[in-house]
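Listed below are the residues making up each chain.
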Amino acid sequence: MTTTESALLGKSLPELTEWIESTGQPKYRGKQLYQWLYQKGIRNLEEITVFPKAWRAEMADYPVGRSQIHHYKTAPDGTRKYLLKLDDGLIIETVGIPTEKRLTVCVSSQVGCAMACEFCATGKMGFTRHLEAYEILDQVLTVQEDFGQRVSNVVFMGMGEPLANLEQVIKSVHSLNKDVGIGQRLLTISTVGVPNQIRALAAENLQVTFAISLHAPNQQLRETLIPTAKNYHFDQLLDECREYVDMTHRRISFEYILLARVNDLPEHATELAKHLKGFQSHVNLIPYNPISEEEFQRPGKKRINVFKQILQDHKIAVSVRYSKGLEADAACGQLRTNLIKTAG
Ligand code: SAH
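Residues numbered from 1 in each chain as written. Predicted model: local features only at pLDDT ≥ 70, side-chain atom pairs only at ≥ 80, totals over all residues. Heavy atoms only, no water.

Q: Hey, could you go over the side chain of Asp 264 for me, with residue numbers and the actual values?
A: With respect to the element layout, Asp 264 can be found in the loop between strand 10 (252-258) and helix 11 (266-276). The buried category is assigned to Asp 264, whose relative accessible area is 4%. Here Asp 264 is in contact with Leu 258, Leu 259, Pro 299, Arg 303 and Phe 307, once residues within four sequence places are set aside. (Helix = DSSP H or I, 4+ residues; strand = E, 2+ residues; numbered from the N terminus. Buried < 20%, exposed > 50% of the residue type's maximum accessible area, 1.4 Å probe, protein only. Contact = heavy atoms within 4.5 Å.)

So this is what it looks like as structure tokens:
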């Protein structure tokens, strides 16, 4: 049996109960295991002090589904970036972002990413593999444990493209909601768009917040920034987004990274406004965070405000989102592990 098949994290209460009975324990221990796993955040079955000693010793090596913290770094604003080591030695990044009232976790959904967006550090490292649902849950429990505080929000904005790994992402959403206890509306799935997957997500009828990384006001410019947009036309993407709104009755957030003189001209703002008119949406402008290649530049405050004002003049709901964690390379687009696989 591989860890993937047997990891306890990600299993529901009935599944855990069935499993615990298969190990010769009474049914009521299923509930106990469930609480210790999701509420106390155990890393090893030996830690469950209410269980018989002999059973704990026997199960000490059973895979719970937790990663190891390989390294971590704190930015002056309190944001912490973790490098987590998975069972197979691969490393992923997770970010914990504390604000006054919230603790947000930015989770990875894949090791690396196949989308290869020009401005994103993760895109430069290529794709290695999908994450399993338990590996997504582990990231949230790790941050919760390290901060000693309950996680209030989760954003699928770390490494990877969530809609390219939809099944496991949806499984993790259900477990984050039911088992870890985070409201669906406080979970955000972000995507550059993968053909037909927006429709597939809509069919799940979740209450999650949905964000589209749009980044350009037309097909021509978009495909220069996001290579995969060549196979997914701007109009088709927006059509699927409209379907999403119709099916779920939830508005969509459009993320728009601002790259100086590339996509931040006043005519870009006007064109964007034209497309989003009457759309139940909100635009988040994200000033570019530098990555080592330095191919792009962040626009100054003045250019950002002009862009924002044009959208507002067209009655488009808009805000500017400065990422946290810049100093720890933990901000949007800066997640990359050079050390993909560590020895031992
Ligand atoms: N693949 C998904 C999930 C990753 S989210 C997606 O693209 O939506 C990462 C967010 O950070 C996206 O909105 C992305 O466009 C943004 N981002 C990527 N690189 C960035 C950079 N260098 N500076 C600021 N934001 C960036």
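Q: How would you explain the site of the ligand if you had to name every residue and give the values?
A: Residues in contact with the ligand amount to 20 residues; listed here are only the nearest, Phe 119, Ser 190, Ser 213, His 215 and Asn 289. Within the side chain of Ser 190, an N or O atom sits 2.6 Å from an oxygen atom of the ligand. Considered on its own, the ligand offers 530 Å² of accessible surface; in the complex 96% of this is hidden by protein. When contributions to the shell around the ligand are tallied by element, the ones reaching two or more residues are strand 8 (187-191) and strand 10. Classifying every residue of the shell around the ligand by side-chain character gives ten nonpolar, eight polar and two charged. (Near = heavy atom within 4 Å. Polar contact = N/O pair within 3.5 Å; in protein donor to acceptor, adjacent residues only side chain to side chain. Areas by Shrake-Rupley, 256 points an atom, 1.4 Å probe, with all protein chains shown as cover. Nonpolar A, V, L, I, M, F, W, Y, C, P; charged D, E, K, R; others polar.)

Q: Residues and numbers for the side chain of Arg 29, please.
A: Locating Arg 29 in the fold gives a position in helix 3 (residues 29-38). Side chain to side chain, Arg 29 and Tyr 28 meet in a polar contact 3.4 Å long. With near-sequence residues (within four places) excluded, Arg 29 lies in contact with Ile 20, Val 50, Phe 51 and Pro 52.

Q: Requested: an account of the packing of aromatic side chains, with residues and values cited.
A: Summed over all chains, the structure comprises nine aromatic pairs. Aromatic pair Phe 210 and Tyr 244: ring centres 4.5 Å apart, planes at 35°, arrangement tilted. Here Phe 210, found in strand 9 (residues 209-213), pairs with Tyr 244, found in helix 10 (residues 234-248); they are 34 residues apart in sequence, far enough to count as distant. Of the two residues, Phe 210 and Tyr 244, neither departs from the other in class, the shared state being buried. Three or more aromatic residues link up through ring pairs in this structure, and these residues are Trp 19, Phe 51, Trp 55 and Tyr 62. Sitting above the plane of the Phe 51 ring, Arg 29 keeps its charged end 4.9 Å from the centroid. Over the ring of Trp 36 we find Lys 40, and its NZ or CZ is 4.6 Å from the ring centre. (Phe/Tyr/Trp six-rings, centres within 6.5 Å; stacked < 30°, edge-to-face > 60°. Lys NZ or Arg CZ within 6 Å of the ring centre and 35° of its normal.)

Q: Go over the domain arrangement of the chain, please, and point to the residues and values.
A: Domains assigned within the chain are domain 1 (13-58) and domain 2 (68-343). Relative to domain 2, the C-alpha centre of domain 1 lies at a distance of 35 Å. Between domain 1 and domain 2, roughly 660 Å² of surface is buried when both sides are summed, and carbon and sulfur atoms account for 32% of that area. If you sort the residues of domain 1 by the area they bury against domain 2, Tyr 38, Gln 39 and Arg 43 come out on top, with a joint share of 75%. Taken together, domain 1 and domain 2 are joined by one salt bridge. Viewed at the interface, domain 2 and domain 1 are joined by five residue pairs in polar contact (both at pLDDT 80 or more). Along the lines of polarity and charge, the residues of the side of domain 1 that touches domain 2 split into three nonpolar, two polar and one charged. (Domains from an automatic or database assignment. Buried area = accessible area lost by both parts, 1.4 Å probe. Salt bridge = Lys/Arg side-chain N within 4 Å of Asp/Glu carboxyl O.)

Q: Explain unusual backbone geometry to me, using residue names and the numbers behind them.
A: You will see that Asn 196, though not glycine, has its phi angle at about 70°, which is positive. Mapped onto the elements, Asn 196 comes out in the loop between strand 8 and helix 8 (197-203). Given a relative accessible area of 43%, Asn 196 falls into the partly exposed group. In this structure, His 249 is a non-glycine residue whose phi angle is positive, near 60°. Checked against the element boundaries, His 249 lands in the loop between helix 10 and strand 10.

Q: How would you explain the environment of Phe 307 if you had to name every residue and give the values?
A: Along the chain, Phe 307 falls in helix 12 (residues 301-313). As for Phe 307 and Pro 266, which are separated by 41 residues in sequence, their C-alpha atoms are 5.9 Å apart. Excluding residues within four positions of it along the chain, Phe 307 makes contact with Tyr 256, Leu 258, Asn 263, Asp 264, Leu 265, His 268, Ala 269, Leu 272 and Leu 285.

Q: Account for the packing of helix 2 (residues 13-22) against helix 3, with residues named and values stated.
A: For the pair helix 2 and helix 3, interaxial distance at closest approach is 8 Å and the crossing angle is 120°. Relative to helix 3, the element helix 2 is oriented oblique. The element helix 2 and its partner helix 3 pack so that their crossing is right-handed. On helix 3, the residues that touch Leu 13, Leu 16, Thr 17, Trp 19 and Ile 20 of helix 2 are Arg 29, Gly 30, Lys 31, Leu 33, Tyr 34, Leu 37 and Tyr 38. (Axes fitted to C-alpha atoms, helices over the stretch in contact; angles between N-to-C directions. Parallel < 35°, antiparallel > 145°, perpendicular 65-115°, else oblique. Left-handed = near helix turned anticlockwise from the far one by under 90°.)

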